[in-house]
Amino acid sequence: MARVLIPVPARDSDPSEVAVSRAVLSRDHTVVFATPGGTQATCDELMVTGEGLDLWSRVPGLKKLTALGRVLRADAAARDAHRALLADPAWRTPIRWDDIKLDDVDGVLLPGGHRARGMREYLESPVLQGVVADAFRRDLPVGAICHGVLLAARSVDPTTGRSVLHGRKTTALTWQLERTAWRLARRTRFWDPDYYRTYLEEPGQPEGYMSVQQEVTRALARPTDFLDTTDRVKASGRARDRLDDERPAFVVEDGNYVSARWPGDVHTFAKVFGKRL
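As the structure is a computational prediction, the values presented were derived from the model and not from experiment.

**Regarding the overall build of the protein**
Okay, step 1: Secondary structure assignment for the protein yields 12 helices and 11 strands.
Okay, step 2: Relative to the compact-globule value of 19 Å for 277 residues, the protein shows a C-alpha radius of gyration of 18 Å, a close match.
Okay, step 3: Structurally, the protein occupies a C-alpha span of about 50 × 45 × 35 Å along its principal axes.
Okay, step 4: Relative to its 277 residues, the protein shows a buried fraction of 56%.

Shown next as structure tokens:
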């Protein structure tokens, strides 16, 4: 039995990527969590319920009526996993980011989330970037999914001055998936049109320059080290994997490093990462 560390922000992590990873790994391993202040975190409630993603969401009495929100939210398996997560003593009693000791764990898993409100603290944390760089230096198994790959890409190996992903193959949230969700929300969640974009382009930057895919790619040795799939089912963003159906998933392995794109890959991602332990 291995001990796996999952650091998360205080709020707005993706419920599927956190809860399903925990559910899959905890069958054979011990999962511990870390938050900025050592207090219980909350996942992005919009992704749990789907409420707030439809055009009428701000109309009194209509918020719980979901259409697009029902499609974009965590699926039934992930919502079940999230309910189990809330009851887990490890989730309720995390350690502080500052108290992370890699001597105490056998692997690190980096979930994602897209809501800038909570995720920027996670992605920009020098503490977590140092932890990730040290995990790679020790050759611990490291798993990263969606925006979690961006945290890895920003983590610099002090001996080389380059990203820990420099020279590795990886995937992450693709610009196609990020842009599709962003364009939908700009129409339906018009009062918060950039809900799906953690970072926006500045004047003079081309569209997508601050997307997860493009920032991760800039940290790699070669643009071709960012991998995507041309399989129609995997690339569609409409099909999600299950424990008994890996076909929709796209997961990349490079030594002890495992990466995936979005919540639709998470069951397979967690199973593959578990094998590395």
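**Examining the environment of Glu207**
Okay, step 1: Relative to the assigned elements, Glu207 resides in the loop between helix 9 (175-188) and helix 10 (212-218).
Okay, step 2: Here the alpha-carbon distance between Glu207 and Arg179, two residues 28 residues apart in the chain, equals 9.5 Å.

**Focus: the layout of surface pockets**
It is the rolling of a water-molecule-sized probe over the atoms that shows where space remains empty.
Okay, step 1: Empty space within the largest pocket amounts to approximately 570 Å³.
Okay, step 2: In terms of lining, the largest pocket is formed by 28 residues, of which the most central are Leu72, Leu177, Ala181, Gly237 and Trp262.
Okay, step 3: Broken down by secondary-structure element, the contributors of at least two residues to the lining of the largest pocket are helix 1 (15-25), helix 3 (68-72) and helix 9.
Okay, step 4: A total of 6 residues in the lining of the largest pocket trace back to one element, the largest contributor, which is helix 9.
Okay, step 5: Taken together, the residues that form the lining of the largest pocket break down as 14 nonpolar, 8 polar and 6 charged.

**Brief notes about unusual backbone geometry**
Okay, step 1: Phi is positive for Asp12, which is not a glycine, with a value near 80°.
Okay, step 2: Tracing the chain through its elements places Asp12 in strand 2 (residues 11-13).
Okay, step 3: Among the residues examined, Asp12 registers a relative accessible area of 1% and is labelled buried.

**Side note on the sheet that holds strand 10 (residues 251-254)**
Okay, step 1: If you walk across this open sheet you meet the 7 strands as 5-3-1-6-7-11-10, and the pairing is mixed. The strands lining the two open edges of the sheet, one partner per strand, are strand 5 (95-96) and strand 10.
Okay, step 2: Taken strand by strand, helix 1 contacts strand 1 (3-7), strand 3 (30-35), strand 6 (107-110) and strand 7 (142-145), and its axis lies near 155° from that of strand 3.

**With respect to the packing of helix 1 against helix 12 (residues 266-276)**
Okay, step 1: Two elements in contact, helix 1 and helix 12, have axes whose closest approach is 9 Å; the angle formed by their N-to-C orientations is 45°. The pairing of helix 1 with helix 12 is recorded here as oblique in orientation. In this structure, the crossing between helix 1 and helix 12 has a hand that is right-handed. Contact residues: Ser16, Glu17, Val20, Ser21, Val24 and Leu25 in helix 1; Val266, His267, Phe269, Ala270, Lys271, Phe273 and Gly274 in helix 12.
Okay, step 2: The residue inventory of the contact of helix 1 with helix 12, partitioned by class, reads 7 nonpolar, 4 polar and 2 charged.

**Remarks on a nonpolar patch on the surface**
Okay, step 1: A cluster of nonpolar side chains, contributed by Val59, Leu62 and Leu65, occupies part of the molecular surface with about 240 Å² of accessible area.
Okay, step 2: Here Val59 lies in the loop between helix 2 (45-49) and helix 3.

**As for the environment of Asp139**
Okay, step 1: Looking at the element boundaries, Asp139 is found in the loop between helix 7 (126-137) and strand 7.
Okay, step 2: Asp139 gets classed as partly exposed once you look at its relative accessible area, which sits at 45%.
Okay, step 3: A sequence separation of 13 residues divides Asp139 from Ala152, and the C-alpha atoms of the two residues are 14 Å apart.

**Structural notes on the nonpolar core**
Okay, step 1: In this structure, Leu110, Leu165 and Val216 are the most contacted members of the largest nonpolar core, which totals 68 residues.
Okay, step 2: The biggest single contributor to this core is helix 7, with 6 residues.
Okay, step 3: When neighbours within four sequence positions are excluded, Leu165 is seen to be in contact with Phe136, Val149, Ala152, Ala153, Thr170, Val216, Leu220 and Tyr257.
Okay, step 4: Counting 11 residues, the second-largest nonpolar core is a separate cluster that includes Met47, Leu53, Tyr195 and Tyr196.

**Section: the side chain of Asp241**
Okay, step 1: Relative to the helices and strands, Asp241 is located in the loop between helix 11 (232-235) and strand 10.
Okay, step 2: Here Asp241 occupies a buried position and makes no salt bridge, while the nearest side chain of opposite charge, Lys271, is found at 7.0 Å.
Okay, step 3: A distance of 3.2 Å separates the side chain of Asp241 from the side chain of His267, its partner in a polar contact.
Okay, step 4: Not counting the four nearest positions on each side in its chain, Asp241 is found in contact with Glu246, Pro248, Ala249, Pro263, Gly264, Asp265, Val266, His267 and Thr268.

**Re helix 1**
Okay, step 1: Counting buried positions along helix 1 yields 10 of 11 residues, so the element is predominantly enclosed.
Okay, step 2: For helix 1, the set of buried residues is Pro15, Ser16, Glu17, Val18, Ala19, Val20, Ser21, Arg22, Val24 and Leu25.
Okay, step 3: Between the side-chain oxygen at the start of helix 1 and the backbone nitrogen of Ser16 there is a gap of 3.0 Å, and the oxygen is on Asp14.

Calculation rules
Residues numbered from 1 in each chain as written. Predicted model: local features only at pLDDT ≥ 70, side-chain atom pairs only at ≥ 80, totals over all residues. Heavy atoms only, no water. Helix = DSSP H or I, 4+ residues; strand = E, 2+ residues; numbered from the N terminus. Rg over C-alpha atoms; globule rule 2.2 N^0.38 Å. Buried < 20%, exposed > 50% of the residue type's maximum accessible area, 1.4 Å probe, protein only. 1 Å grid on protein atoms, 1.4 Å probe; cavity = no way out; pocket = protein on both sides within 12 Å on 5 of 7 lines; lining within 4 Å. Points joined across faces, edges and corners; volume = space filled by probe spheres on them. Nonpolar A, V, L, I, M, F, W, Y, C, P; charged D, E, K, R; others polar. Pairing = 2+ DSSP bridges. Contact = heavy atoms within 4.5 Å. Axes fitted to C-alpha atoms, helices over the stretch in contact; angles between N-to-C directions. Parallel < 35°, antiparallel > 145°, perpendicular 65-115°, else oblique. Left-handed = near helix turned anticlockwise from the far one by under 90°. Patch = residues over 30% accessible without salt bridge, like charges linked within 9 Å, V, L, I, M, F, W, Y side chains within 5 Å. Areas by Shrake-Rupley, 256 points an atom, 1.4 Å probe, with all protein chains shown as cover. Salt bridge = Lys/Arg side-chain N within 4 Å of Asp/Glu carboxyl O. Core = buried A, V, L, I, M, F, W, Y, C linked by side-chain atoms within 4.5 Å. Lys, Arg positive; Asp, Glu negative; His and termini not counted. Polar contact = N/O pair within 3.5 Å; in protein donor to acceptor, adjacent residues only side chain to side chain.

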